[in-house]
Amino acid sequence: MPPAPGDREARRKDVSEAVWHVLADKGFGGLTLRAVAAAMDVSTGMLMHYFPTKRALIAHALDLLEKRTAERPRRARPAAGLATVRAMLLDILPLTPGDTARNRIWVSSWDLSLADDGLATEQADRYTRLRSTIRPHLEAAHDLGQLPADADPEQLAATAVAFTHGLVVQALFDPRRFPKAVQITMLDDFLASTTLPRSNGRDS
C-alpha cells in the first residue's frame, strides 16, 4: 500500500538523507534501491513508491547533489571582477574534506549521465548555469580593465570552468601531487594568464 500523502511528505526528507548517505559512502556506482533501503532499514518495495525505476533514483540523487552543492558554505565575494571570480573558482576545488567528498560524488555520476541522453542533457544544463554565474563577474573584470580589450567573457567563462574541473579531476586522482597549496597556485597562475594580451597565433 502506498504511503498516505502526509506520510509521504514526512518521509521524503528521510529518503533524501538516506540517498545522500549512500552517495557519500559509495558514490553513484553503489547507489541502488537495496543500498538506500538498507540505510533506512526499510523494504525496497517501500522505496519504489518514491523511485519506481533506477533512473528515477539517479535523477533524484543528481538533484540532491546539486542542491547540497548550492547550499554549501561559500567564500565571501570580495572586490568586483577577477577577485570574485577567484573566490567562485576556489569554491569548486577540492580544498577541504567536504569539497573533496562532493567532487568525488560528482565525478562518479559522469559515467551514468553519459550513458543516458536525458541525464546528459541535465548535466550539460548544470554546466551552462555554472558558466552563467561566472560570466557577469568576468564582464565586470573586462569593464574594469582587468582583462584585455578583446577578451570574450563568455568564452573565458567556459575556459575557466574547463580548467577548474580539469584540476578537480587531477587533484582527486593524485592528491599528493596536487595538494591545496598547489591547486591555489595553479588557479592563480591561470587567472594571471587571462590578464595578458592575447596572441594572434602568427609569428612576428
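Residues numbered from 1 in each chain as written. Predicted model: local features only at pLDDT ≥ 70, side-chain atom pairs only at ≥ 80, totals over all residues. Heavy atoms only, no water.

Draft legend 1. Seen up close, helix 7 (residues 117–143). Across its 27 residues, helix 7 extends 39 Å between first and last C-alpha, which sits within 8% of the 39 Å expected from 1.5 Å per residue. In helix 7, a bend of some 25° at Arg-135 exceeds every other bend along the element, and Pro-136, a proline, comes one to four places later. Among the residues of helix 7, those classed as buried are Leu-119, Gln-123, Arg-126, Ile-134, Leu-138 and Ala-141. Of the surrounding secondary structure, the elements contacted by the buried residues of helix 7 are helix 4 (54–71), helix 5 (82–92), helix 6 (97–114) and helix 8 (153–173). (Helix = DSSP H or I, 4+ residues; strand = E, 2+ residues; numbered from the N terminus. Expected span 1.5 Å × (residues − 1). Bend = angle between axes of the 7 residues up to and from the residue. Buried < 20%, exposed > 50% of the residue type's maximum accessible area, 1.4 Å probe, protein only. Contact = heavy atoms within 4.5 Å.)

Draft legend 2. View of the nonpolar core. If you look at the biggest cluster of nonpolar residues, it comprises 27 residues, and the most contacted ones within it are Val-19, Leu-23, Phe-28, Leu-31, Val-36 and Leu-47. Listing elements by their share of this core, those giving two or more residues are helix 1 (5–26), helix 2 (33–40), helix 3 (44–47), helix 4 and helix 6. Considering each element in turn, this core owes the most residues, 7 residues, to helix 4. Ignoring anything within four residues of it in the chain, the contact list for Leu-23 reads Phe-28, Leu-31, Ala-61 and Ile-105. Formed by 25 residues, the second largest nonpolar core is a distinct cluster that contains Leu-82, Leu-138, Leu-156 and Leu-172. (Core = buried A, V, L, I, M, F, W, Y, C linked by side-chain atoms within 4.5 Å.)

Draft legend 3. Structural view of the layout of surface pockets. Of the voids in this model, the largest pocket is the one considered here, and its volume is about 610 Å³. Taken together, 24 residues line the largest pocket, and the ones lying closest to its centre are Thr-69, Arg-72, Ile-92, Trp-106 and Leu-130. Broken down by secondary-structure element, the contributors of at least two residues to the lining of the largest pocket are helix 4, helix 5, helix 6, helix 7 and helix 8. In terms of residue count, the dominant contributor to the lining of the largest pocket is helix 7 (7 residues). (1 Å grid on protein atoms, 1.4 Å probe; cavity = no way out; pocket = protein on both sides within 12 Å on 5 of 7 lines; lining within 4 Å. Points joined across faces, edges and corners; volume = space filled by probe spheres on them.)

Draft legend 4. Inspection of the pattern of salt bridges at higher detail. Here the structure, examined in full by the defined rule, presents 12 salt bridges. For the salt bridge of Glu-66 with Arg-126, the shortest nitrogen-to-oxygen distance reads 3.2 Å. One end of the pair, Glu-66, is in helix 4; the other, Arg-126, is in helix 7, and 60 residues separate them in sequence. Close ionic contact of Asp-188 with Arg-86 constitutes a salt bridge, the shortest N to O distance being 2.6 Å. Of this pair, Asp-188 sits in helix 9 (residues 180–194) while Arg-86 is found in helix 5, placing the two residues 102 residues apart along the sequence. Members of the salt-bridge network, linked through shared partners, are Asp-63, Glu-66, Arg-126 and Arg-129. (Salt bridge = Lys/Arg side-chain N within 4 Å of Asp/Glu carboxyl O.)

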